Each structure stands twice: as C-alpha cells, then as structure tokens.
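Reading the structure
Residue strings, one per chain:
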Amino acid sequence: MFNDIGALELLTLVVLAVLVFGPEKLPKVIQDVTRTIRKIREFSDSAKEDIRSELGPQFKDFEFEDLNPKTFVRKQLMDGNDDLGLKEIRESFDLRKEMAEVTDAVNGRESATSTGTAAAAAAGPDLLKKSSPDLLKKPAQPAADERPPFDADAT
C-alpha cells in the first residue's frame, strides 16, 4: 500500500502527526487506526469466505485477485496454459536481434542474420550492385573549377 513512500516522506508524516494530534494523544490515535484497519480486514475476510461458501464446491479454488484485469490477463496468457501458442510467438520474437539487424542496416554493416542481402551477395557481387544502390557511399567530389549542378526548381 505504501511501497513508494521514502524515508523523508515518512519522517514528514510522523512530524505532521505529532503536530496535529500532539504527543499525548498520538498513541491513542495510532491504536484506534490499527484497530479500525484490523476490523476492516476481518470484515473483508469473512465476506470472502461467505461468498466462497455460497458459490459451492466447484469454486473452492476461486481467488478474488483473479477478478483484477491485470492478474487475469497475466494468469491466462503468461502461465502454463498456452492454448493459443503465445509462448512460441514470444520466444521467436527477439527484440534485441531485430534492433541489431536494423542498426547494422543503418550503419551499413553486414548482419550475420540478414538473409536477403547475404543471399544476394552469395549470388554474385554484380547482382548486389544492380539490385540496390549503395546509399552510404559518398559521391565523388567535383573538381575545384567545376561548379555543382544547379536546380532552378529547387530555389
């Protein structure tokens, strides 16, 4: 419930409680709060048991936490009952490998797993040159006295 409260926040709450209730009344307030929390838990546990007994023996392993959508999805999709074949799909998709292939393609390196480029390179270097231009190769620099091409539509 209070998993994200740090030491400084807890100290601030204690100081605030001492200031609001005073050092004389603070122990009684803490006892009242703990007694109320205990009663709420007992009421909740008895209500759960009443519901389980009313549902019958076929729901004896029913857990109320399964009604939470996150828990339900996690239990149905991520646990052992893999009727949809999601485990194989999850294992076959490796995000790191995919990202490495994209990085290699962007940087112009030959990836060990890239089959299309590797197959074209195995077929022959001429086929590879004809099928895709080398976008990473810098164009030849014009001579010093030569003007670069002018595109009137671009300006």
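Quick notes on the rules
- Residues numbered from 1 in each chain as written.
- Predicted model: local features only at pLDDT ≥ 70, side-chain atom pairs only at ≥ 80, totals over all residues.
- Heavy atoms only, no water.
- Helix = DSSP H or I, 4+ residues; strand = E, 2+ residues; numbered from the N terminus.
- Buried < 20%, exposed > 50% of the residue type's maximum accessible area, 1.4 Å probe, protein only.
- Contact = heavy atoms within 4.5 Å.
- Areas by Shrake-Rupley, 256 points an atom, 1.4 Å probe, with all protein chains shown as cover.
- Salt bridge = Lys/Arg side-chain N within 4 Å of Asp/Glu carboxyl O.
- pLDDT = per-residue confidence, 0-100.
- Polar contact = N/O pair within 3.5 Å; in protein donor to acceptor, adjacent residues only side chain to side chain.
- Expected span 1.5 Å × (residues − 1).
- Bend = angle between axes of the 7 residues up to and from the residue.
- Patch = residues over 30% accessible without salt bridge, like charges linked within 9 Å, V, L, I, M, F, W, Y side chains within 5 Å.

**Some details on the overall build of the protein chain**
On a plain count of helices and strands, the protein chain comes out with 6 helices and 0 strands. Along its sequence from the N terminus, the protein chain presents helices and strands in the succession α-α-α-α-α-α. Scored against the burial criterion, the 155 residues of the protein chain give a buried share of 8%. Relative to all contacts within the protein chain whose residues are 6 or more apart in sequence, the contacts with residues 24 or more apart total 9%. Of the roughly 14,300 Å² of accessible surface on the protein chain, a fraction of 61% belongs to carbon and sulfur atoms.

**Side note on the pattern of salt bridges**
A full pass over the atoms with the stated rule returns 4 salt bridges. With a closest N to O distance of 3.0 Å, Asp32 and Arg35 form a salt bridge. Taken together, the positions of Asp32 and Arg35, both in helix H1 (residues 7–55) and 3 residues apart, correspond to about one turn of that helix. In this structure, the salt-bridge partner of Arg52 is Glu49, at a minimum N-O distance of 3.2 Å. With Arg52 and Glu49 both in helix H1 and 3 residues apart, this pair spans about one turn of that helix. Classification of Glu49 by relative accessible area gives partly exposed; the value is 47%. A single network of salt bridges, built from pairs that share partners, joins Lys28, Asp32 and Arg35.

**Observations concerning the confidence of the model for the protein chain**
Detailed reading of the predicted model is not advised wherever pLDDT is low. In this model, the protein chain carries a mean pLDDT of 76, and residues with pLDDT of at least 70 account for 72%. Of all the helices and strands in the protein chain, helix H6 (residues 125–131) carries the lowest mean pLDDT, 48, while H1 carries the highest, 91.

**With respect to the side chain of Arg52**
A polar side-chain atom of Arg52 sits 3.2 Å from a polar atom in the side chain of Glu49. Contact partners of Arg52, with chain neighbours within four places excluded, come to Phe62, Glu63 and Phe64.

**Structural notes on H1**
Here H1 spans only 44 Å end to end across 49 residues, well under the 72 Å set by a 1.5 Å rise per residue. Residue Gly22 marks the point of greatest curvature in H1, where the axis turns by about 100°; the proline Pro23 follows within four residues. Of the residues making up H1, those classed as buried are Gly22, Leu26 and Arg52. Following H1 by one or two positions, Gly56 adopts a phi angle in the positive range, close to 105°.

**Re helix H4 (residues 95–107)**
Its 13 residues place the ends of H4 18 Å apart at the C-alpha level, agreeing with the 18 Å of an ideal helix rising 1.5 Å per residue. Gly108 sits one or two positions beyond H4 and adopts a positive phi of about 80°.

**Here we look at a nonpolar patch on the surface**
Together, Ile5, Leu10, Leu13, Val14, Leu16, Val18, Val20 and Phe21 give the surface a local cluster of nonpolar side chains, amounting to about 680 Å² of exposed area. For Leu16, the position within the fold is in helix H1. Judged by relative accessible area, which is 48%, Leu16 ranks as partly exposed.

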